[in-house]
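Summary of structural features
The chain contents come next:
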Amino acid sequence: MPKILIVDDSPAQRYSLCKMVERGGHQTVEADCGEQALELAADERPQVILMDIVMPGMSGYQATRRLGRTDSTRHIPVIFVSTRDGEADRQWGLRQGARDYVTKPVNPSLLLTAISEAMAA
């Protein structure tokens, strides 16, 4: 069962994303901040990371750049999941190293498609 790391500072958002991802047949691991995401990515080796952008401390952008510079995690695709829905936000997120960008409120079928495509790439 593929493992997905869900990173969001909102417990309600993490819960919602976990339920969507688990219904899609995936196992979930949760982090509530960028720092914890870096640790769990190295320890758990998820197949995909769903990353919020706006979090206290390390932002999702910063965490994604650090993941991409680390040998043990650079291969893990990151999908940003954010309320920032402008095209400039999407383009900036992709330039930070994300494989895809999904906006909140999340459409479950779009999210599961993005996860499948990230794992297949």
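Located above this text is the structure these notes cover.
Heads up: these notes are all about the structure in this document. Everything numeric in this text was worked out from a predicted model, so none of it was measured.

About the thresholds
- Residues numbered from 1 in each chain as written.
- Predicted model: local features only at pLDDT ≥ 70, side-chain atom pairs only at ≥ 80, totals over all residues.
- Heavy atoms only, no water.
- Pairing = 2+ DSSP bridges.
- Helix = DSSP H or I, 4+ residues; strand = E, 2+ residues; numbered from the N terminus.
- Axes fitted to C-alpha atoms, helices over the stretch in contact; angles between N-to-C directions.
- Contact = heavy atoms within 4.5 Å.
- Parallel < 35°, antiparallel > 145°, perpendicular 65-115°, else oblique.
- Left-handed = near helix turned anticlockwise from the far one by under 90°.
- Nonpolar A, V, L, I, M, F, W, Y, C, P; charged D, E, K, R; others polar.
- Buried < 20%, exposed > 50% of the residue type's maximum accessible area, 1.4 Å probe, protein only.
- Expected span 1.5 Å × (residues − 1).
- Arc of directions from axis to C-beta.

Another point: the sheet that holds strand 1 (residues 3–7). The sheet built from 5 strands is open, its strands ordered 2-1-3-4-5 with parallel pairing. Two strands bound the open sheet, and with one partner strand each, they are strand 2 (27–31) and strand 5 (100–103). Averaged over all neighbouring strand pairs, the angle between strand axes comes to 20°, with direction disregarded. Where strand 1 lies against strand 3 (residues 48–51), 4 bridges are found, and the strand directions are parallel. Paired with Val7 across the strands is Met51, a residue of strand 3. Set on the sheet, helix 1 (residues 11–23) makes contact with strand 1, strand 2, strand 3 and strand 4 (78–82); between it and strand 2 the angle comes to about 165°.

Right, let's talk about the environment of Thr113 for a bit. Within the secondary structure layout, Thr113 lies in helix 5 (residues 108–120). Separated by 78 residues in the primary sequence, Thr113 and Glu35 have C-alpha atoms spaced 27 Å apart.

Close contact between helix 1 and helix 5 brings their axes to 10 Å; oriented N to C, the two are set at 65°. The orientation of helix 1 relative to helix 5 falls into the category roughly perpendicular. Crossing angle aside, the handedness with which helix 1 passes helix 5 is right-handed. Each of Leu17, Met20 and Val21 in helix 1 lies in contact with helix 5, whose residues at this interface are Pro108, Leu111, Leu112 and Ile115. Here the residues of the contact of helix 1 with helix 5 sort into 7 nonpolar, no polar and no charged.

To continue, consider unusual backbone geometry. Note: most peptide bonds trans; most residues except glycine with negative phi. The linkage connecting Lys104 with the following residue, Pro105, adopts the cis geometry, with an omega of -5°. Its location among the elements puts Pro105 in the loop between strand 5 and helix 5. With a phi angle near 50°, Arg45 is a residue other than glycine that sits in the positive phi range. Residue placement: Arg45 occurs in the loop between helix 2 (34–44) and strand 3. By relative accessible area, Arg45 is classed as partly exposed at 42%.

Its 13 residues place the ends of helix 5 18 Å apart at the C-alpha level, agreeing with the 18 Å of an ideal helix rising 1.5 Å per residue. Considered for burial, the residues of helix 5 that qualify are Leu111, Ala114, Ile115 and Ala118. Buried residues along helix 5 cover an arc of 100° about the axis, so they all sit on one side. Exposed side chains of helix 5 directed beyond 90 degrees from the buried face belong to Glu117 and Ala120. On its buried face, helix 5 is in contact with strand 1, helix 1, strand 3, strand 4 and strand 5.

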